[in-house]
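Listed below, chain by chain, are the residues.
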Amino acid sequence: MRNGYARRIRRQLIAAGVVSIALAVTVTTPALADPPTNDWARLRGCESGGNYSINTGNGYYGAYQFSQGTWTSVGGSGRPDLAAPYEQDYRALYLYRMRGWQPWGCASIEGLVNDSDAASGRVPTYAESAYIGGGGPPPPAPTAPPRPASSDFNGDGRSDAAVFRPSTGTWFVRGVGVTAYGRAGDLPLDADFTGAGRRAPAVFRPADGTWYVDGGATVRYGQAKDVPVPADYSGAGRAGIAVFRPSTGQWFRWGLAPVTYGRAGDVPVPADYTGDGRADVAVFRPSTGTWYVSGLGEVAYGRVGDVPVARDFTGDRRADVAVFRPSNGTWYVHGLASVAYGRAGDIPVAGDVDGDGRAEMSVFRPATGAWYFFGHGAYIYGQRGDLSLPMRPRAHSQRP
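Residues numbered from 1 in each chain as written. Predicted model: local features only at pLDDT ≥ 70, side-chain atom pairs only at ≥ 80, totals over all residues. Heavy atoms only, no water.

### Considerations on the overall build of the protein
Turning to step 1, where the next piece is worked out: In terms of helices and strands, the protein carries six helices and 26 strands.
Turning to step 2, where the next piece is worked out: Within the protein, buried positions represent 52% of all 400 residues.
Turning to step 3, where the next piece is worked out: The long-range share in the protein, meaning contacts at least 24 apart out of those at least 6 apart in sequence, stands at 44%.
Turning to step 4, where the next piece is worked out: Total accessible area on the protein is roughly 16900 Å²; 53% of this is exposed by carbon and sulfur atoms. (Helix = DSSP H or I, 4+ residues; strand = E, 2+ residues; numbered from the N terminus. Buried < 20%, exposed > 50% of the residue type's maximum accessible area, 1.4 Å probe, protein only. Contact = heavy atoms within 4.5 Å. Areas by Shrake-Rupley, 256 points an atom, 1.4 Å probe, with all protein chains shown as cover.)

Here's what the structure looks like:
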């Protein structure tokens, strides 16, 4: 997945007279449109010389040269080079179906071309990946791994308590550390912009519509009073830069066509409501307590004063329509019983704090800097004036 190392390996293979590596495999019919066996063999030959156990100490492992973050993002556990060949094949096909050949620099070197299944978002089975060529019998098909949790800054699949301190432009992430990134007036963003399977500090500057991503590029996209709504709209496995313009109800998503969905006063709530791996354009209308989800229609759920919270509370890999009612500190999740958890002034920060693939009802109390997690206790992290992550999209006039 790294161009420099890949080119060096390729040069060594050519020097040795090895243009491509033919592996002795038992070939089964691949799933419709998946790349042929030879393409995978060429990719492995360029990336690692076909060595499933390679670890040169450069941070990339195994036949497909996974980074640890990318391996985790497709459900891998442990270190890639220590996994069985069939496991590496399976995770490679998983990544291909999420992002196509894009993650591998060698794919370009070998002239590999995406087919119709590239970035399709379809989770493969082990039977479908057996044709690729790693050898060994496939184990029973697994359940799909949970998607990365919101506010997960270390890639362990659990949401972390995190605050941004506008007075100093400092991030505090529990268990991770302190980072100075941003300034007063900036809005902290809860999104994985790199596809690493974990969040990194990033801010949107409303004054000039500029995005700043730690370790990434600075991008001007949007204007004053736009609401930042980063999400994975394309199914690429990473969040895309996007804004919602309350004055016109327009959505502007980097690399995609603008779309009008909503109107002034609506609160944007993009999330994957269908389970296809892509965030859907959606809004909550506080004046009527109605949700509007593009392609799915409308759902009356909530009332004036409620705070919309789109999270997967059931573990079915779909965001649920849900609201937190500050007036009585109660959570209402569509299809589930209501739960009293919180009080007036609390901010809903639902996230998967235990890594079970389901979001827990959670609140942050700005007055005391306390975090409360349903079923998991409470602790102090932050102080008065801090902004909690995840930040909920809201109208510009309501921003701190």
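Structure shown, so let's carry the discussion forward.
### Overview of the pattern of salt bridges
Turning to step 1, where the next piece is worked out: Applying the stated criterion to the full structure yields 16 salt bridges.
Turning to step 2, where the next piece is worked out: One salt bridge connects Arg-91 with Glu-87, and the closest N-O pair in it is separated by 2.8 Å. Of this pair, Arg-91 and Glu-87 both sit in helix 4 (residues 85-99), separated by four residues, roughly a single helical turn. An identical accessibility class is assigned to Arg-91 and Glu-87; each is buried.
Turning to step 3, where the next piece is worked out: Here Arg-365 makes a salt bridge to Asp-346, at a shortest N to O gap of 2.8 Å. You can see Arg-365 sitting in strand 23 (residues 362-365) and its partner Asp-346 sitting in the loop between strand 21 (339-340) and strand 22 (347-348), a full 19 residues away along the chain. Side by side, Arg-365 and Asp-346 carry an identical accessibility label, which is buried.
Turning to step 4, where the next piece is worked out: Overlapping salt bridges bring together Asp-34, Arg-97, Asp-117, Arg-122 and Glu-128 as one network. (Salt bridge = Lys/Arg side-chain N within 4 Å of Asp/Glu carboxyl O.)

### A word on unusual backbone geometry
Turning to step 1, where the next piece is worked out: Looking along the chain, the bond that leaves Leu-389 and enters Pro-390 is cis, with omega of 0 degrees.
Turning to step 2, where the next piece is worked out: As for its placement among the helices and strands, Pro-390 is situated in the segment after strand 26 (387-389).
Turning to step 3, where the next piece is worked out: A positive phi is found at Gln-65, a non-glycine position, where the angle reads about 50 degrees.
Turning to step 4, where the next piece is worked out: Considering the arrangement of structural elements, one finds Gln-65 in the loop between strand 1 (60-61) and strand 2 (66-67).
Turning to step 5, where the next piece is worked out: A positive phi angle, close to 80 degrees, is found at Lys-225, a residue other than glycine.
Turning to step 6, where the next piece is worked out: By the element assignment, Lys-225 lies in the loop between strand 9 (218-220) and strand 10 (227-228).

### A few points about the nonpolar core
Turning to step 1, where the next piece is worked out: In terms of nonpolar packing, the biggest core is built from 26 residues, with Trp-40, Leu-43, Tyr-64, Phe-66, Tyr-96, Trp-101 and Trp-104 touching the most fellow members.
Turning to step 2, where the next piece is worked out: Taken together, the elements giving at least two residues each to this core come down to helix 2 (37-48), helix 4 and helix 5 (105-109).
Turning to step 3, where the next piece is worked out: Examining the composition of this core, we find that seven residues originate from one element, helix 4, more than from any other.
Turning to step 4, where the next piece is worked out: Counting 14 residues, the second-largest nonpolar core is a separate cluster that includes Trp-211, Tyr-221, Ala-239 and Val-243. (Core = buried A, V, L, I, M, F, W, Y, C linked by side-chain atoms within 4.5 Å.)

### Concerning the packing of aromatic side chains
Here the distance between the centres and the angle between the planes together describe a pair of aromatic rings.
Turning to step 1, where the next piece is worked out: According to the stated counting rule, one finds 25 aromatic pairs in the structure shown.
Turning to step 2, where the next piece is worked out: When the ring of Tyr-86 is compared with that of Tyr-126, the centres are 6.2 Å apart and the planes differ by 75 degrees; the resulting orientation is edge-to-face. Residue Tyr-86 is located in helix 4, and its partner Tyr-126 is located in helix 6 (residues 126-129); the two are separated by 40 residues in the primary sequence.
Turning to step 3, where the next piece is worked out: Taking the relative accessible area as the measure of exposure, Tyr-86 reaches 27% and is therefore partly exposed.
Turning to step 4, where the next piece is worked out: Residues Trp-101 and Trp-104 carry aromatic rings whose centres are separated by 5.9 Å and whose planes lie at 65 degrees to one another, so their mutual orientation is edge-to-face.
Turning to step 5, where the next piece is worked out: Members of the aromatic cluster, connected to one another through ring pairs, are Trp-40, Tyr-52, Tyr-64, Tyr-96, Trp-101 and Trp-104.
Turning to step 6, where the next piece is worked out: For Arg-253, the ring lying beneath its charged end belongs to Tyr-233, and the centroid distance is 5.5 Å. (Phe/Tyr/Trp six-rings, centres within 6.5 Å; stacked < 30°, edge-to-face > 60°. Lys NZ or Arg CZ within 6 Å of the ring centre and 35° of its normal.)

### Re the sheet that holds strand 7 (residues 202-205)
Whenever strands of a sheet pair, they do so through backbone hydrogen bonds, lying parallel or antiparallel.
Turning to step 1, where the next piece is worked out: Taken together, four strands build an open sheet; the order of strands is 6-7-8-9 and the sheet is antiparallel. In this open sheet, the two edge strands, each paired with only one partner strand, are strand 6 (187-188) and strand 9.
Turning to step 2, where the next piece is worked out: Direction of pairing for strand 8 (residues 210-213) relative to strand 9: antiparallel, over a ladder of three bridges. By the bridge assignment, Tyr-212 is partnered in strand 9 with Thr-218. (Pairing = 2+ DSSP bridges.)

### Looking at the pairing of strand 3 (residues 162-165)
Turning to step 1, where the next piece is worked out: Taking every second residue as pointing to the same face, both faces of strand 3 are buried, with Ala-162 and Phe-164 on one and Val-163 and Arg-165 on the other.
Turning to step 2, where the next piece is worked out: As judged from the four bridges shared by strand 3 and strand 4 (residues 170-173), these two strands associate in the antiparallel manner. The residue bridging Val-163 from the neighbouring strand is Phe-172, located in strand 4.
Turning to step 3, where the next piece is worked out: Where strand 3 folds back onto strand 4 in an antiparallel hairpin, the turn is made up of four residues, including Gly-169, whose phi is positive at roughly 65 degrees.

### Observations concerning the sheet that holds strand 10
Turning to step 1, where the next piece is worked out: Strand order in the open sheet formed by four strands is 10-11-12-13, and the pairing between neighbours is antiparallel. Both edges of this open sheet fall to strand 10 and strand 13 (259-260), since each of them pairs with a single strand only.
Turning to step 2, where the next piece is worked out: Pairing of strand 10 with strand 11 (residues 242-245) involves two bridges; the strand directions are antiparallel. Bridge assignment links Pro-228 to a residue of strand 11, and that residue is Val-243.

### Some words on the side chain of Asp-190
Turning to step 1, where the next piece is worked out: Inspection of the secondary structure assignment puts Asp-190 in the loop between strand 6 and strand 7.
Turning to step 2, where the next piece is worked out: Leave out the neighbours within four places in its chain, and Asp-190 touches Ser-150, Ser-151, Arg-199, Leu-389 and Pro-390.

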